[in-house]
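# Structural features, examined
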Amino acid sequence: MKQQITPQQARQYSPAALAFFGDSVYEVMVRRYLLLQANCPAASLHERKIKLVCAAFQAKGYEILLPLLDAEETAVLKRGRNANVTVPRHTSAQDYHKATGLEALFGYLALVGADARSEQLFRQMMEQLDETEMITKE
């Protein structure tokens, strides 16, 4: 049941709604990425996933992707960053807002059917963060 909408229709959604959807899109991408890295116990995969879906990690991804985006993607990312959201106590407001922007971007790309672009951006982000963060190591 894959439905695609136009960019104009996607822009009608609030940035928080895009982030709501994008959170799940991003998590599935992370889970697939980790599974393809190594066939290891589910508990280990879960521990690694937690590190990659946290706001601090996503905020680093935001910084990596920002210069790679076109004007429309940048607008979505920044709209998401500026969304009026409640920041949890366990993270910084700056990181949480950037993470919300990143999730909004992935939600937007999924809604408009830009799966290849989403995969490309995710791959570039993970390659750069893998080098600097050693994300696949325990």
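What comes next is a walk through the structure. Since we're looking at a predicted model, the values are computed, not measured.

## Let's talk about the packing of helix α5 (residues 71-81) against helix α6 (residues 93-111)
It is at 7 Å that the axes of α5 and α6 come closest, and there the two elements cross at 135°. Considered as vectors, α5 and α6 are oriented oblique to each other. Note on packing geometry: the crossing formed by α5 with α6 is right-handed. Of the residues in α6, those in contact with E72, E73, V76, L77, G80 and R81 of α5 are H97, K98, T100, G101, L102, A104, L105, Y108 and L109.

## Observations regarding helix α2 (residues 15-37)
Owing to its 3.6 residues per turn, the α-helix brings residues three or four apart onto one side. For α2, spanning 23 residues, the distance from its first C-alpha to its last is 31 Å, which sits close to the expected 33 Å at 1.5 Å a residue. Maximal helix bending in α2 amounts to about 25°, located at G22. Among the residues of α2, P15, L18, A19, G22, V25, Y26, E27, M29, V30, Y33 and L34 are the ones counted as buried.

## Structural notes on the packing of α2 against helix α3 (residues 42-53)
Axis angle and axis distance: for two packed helices, these are the angle between their axes and the distance between the axes, and together they describe the pair. Put simply, α2 and α3 touch, their axes get as near as 10 Å, and they point 135° apart. By the criterion of interaxial angle, the relationship of α2 to α3 is oblique. The interaxial crossing formed by α2 with α3 has right-handed handedness. Contacts between α2 and α3 involve Y26, E27, V30, R31, Y33, L34 and L35 from the first element and L45, R48, K49, L52 and V53 from the second.

## Brief notes about the packing of aromatic side chains
Within this structure, the stated rule accounts for four aromatic pairs. Geometrically, the ring pair formed by F106 and F122 is edge-to-face, given 6.4 Å between the ring centres and 75° between the ring planes. Highlighted residues: F106 in helix α6 and F122 in helix α7 (residues 115-133), separated in sequence by 16 residues. No difference in accessibility class separates F106 from F122, as the two residues are buried. Three or more aromatic residues joined by ring pairs form one cluster here, namely Y26, Y33, F106 and F122.

## Some details on the nonpolar core
Formed by 36 residues in total, the largest nonpolar core has its most connected members in Y26, L65, F106, F122 and M125. Residue assignment for this core shows that the elements contributing at least two residues are α2, α3, α4 (55-65), α5, α6 and α7. Not counting the four nearest positions on each side in its chain, F122 is found in contact with Y26, M29, V30, Y33 and F106.

## What to know about α6
When the terminal C-alpha atoms of α6 are compared, their 27 Å separation across 19 residues agrees well with the 27 Å that a helix rising 1.5 Å per residue should span. Burial within α6 is extensive, with 14 of its 19 residues counted as buried. G113 lies just past α6 and shows a positive phi near 80°.

## Quick look at the pattern of salt bridges
Inspection of the entire model under this criterion finds six salt bridges. The salt bridge involving K49 is made with E27; its shortest N-O contact spans 3.2 Å. You can see K49 sitting in helix α3 and its partner E27 sitting in helix α2, a full 22 residues away along the chain. The buried category is assigned to K49, whose relative accessible area is 8%. One continuous salt-bridge network, built from bridges that share partners, spans E27, R31 and K49.

## Here we look at the environment of R31
Tracing the backbone shows R31 in helix α2. Sequence-wise, R31 and H90 are 59 residues apart; in three dimensions their C-alpha atoms are separated by 23 Å. Polar side-chain contacts of R31 include one of 2.8 Å to the side chain of E27.

Calculation notes
Residues numbered from 1 in each chain as written. Predicted model: local features only at pLDDT ≥ 70, side-chain atom pairs only at ≥ 80, totals over all residues. Heavy atoms only, no water. Axes fitted to C-alpha atoms, helices over the stretch in contact; angles between N-to-C directions. Helix = DSSP H or I, 4+ residues; strand = E, 2+ residues; numbered from the N terminus. Parallel < 35°, antiparallel > 145°, perpendicular 65-115°, else oblique. Left-handed = near helix turned anticlockwise from the far one by under 90°. Contact = heavy atoms within 4.5 Å. Expected span 1.5 Å × (residues − 1). Bend = angle between axes of the 7 residues up to and from the residue. Buried < 20%, exposed > 50% of the residue type's maximum accessible area, 1.4 Å probe, protein only. Phe/Tyr/Trp six-rings, centres within 6.5 Å; stacked < 30°, edge-to-face > 60°. Core = buried A, V, L, I, M, F, W, Y, C linked by side-chain atoms within 4.5 Å. Salt bridge = Lys/Arg side-chain N within 4 Å of Asp/Glu carboxyl O. Polar contact = N/O pair within 3.5 Å; in protein donor to acceptor, adjacent residues only side chain to side chain.

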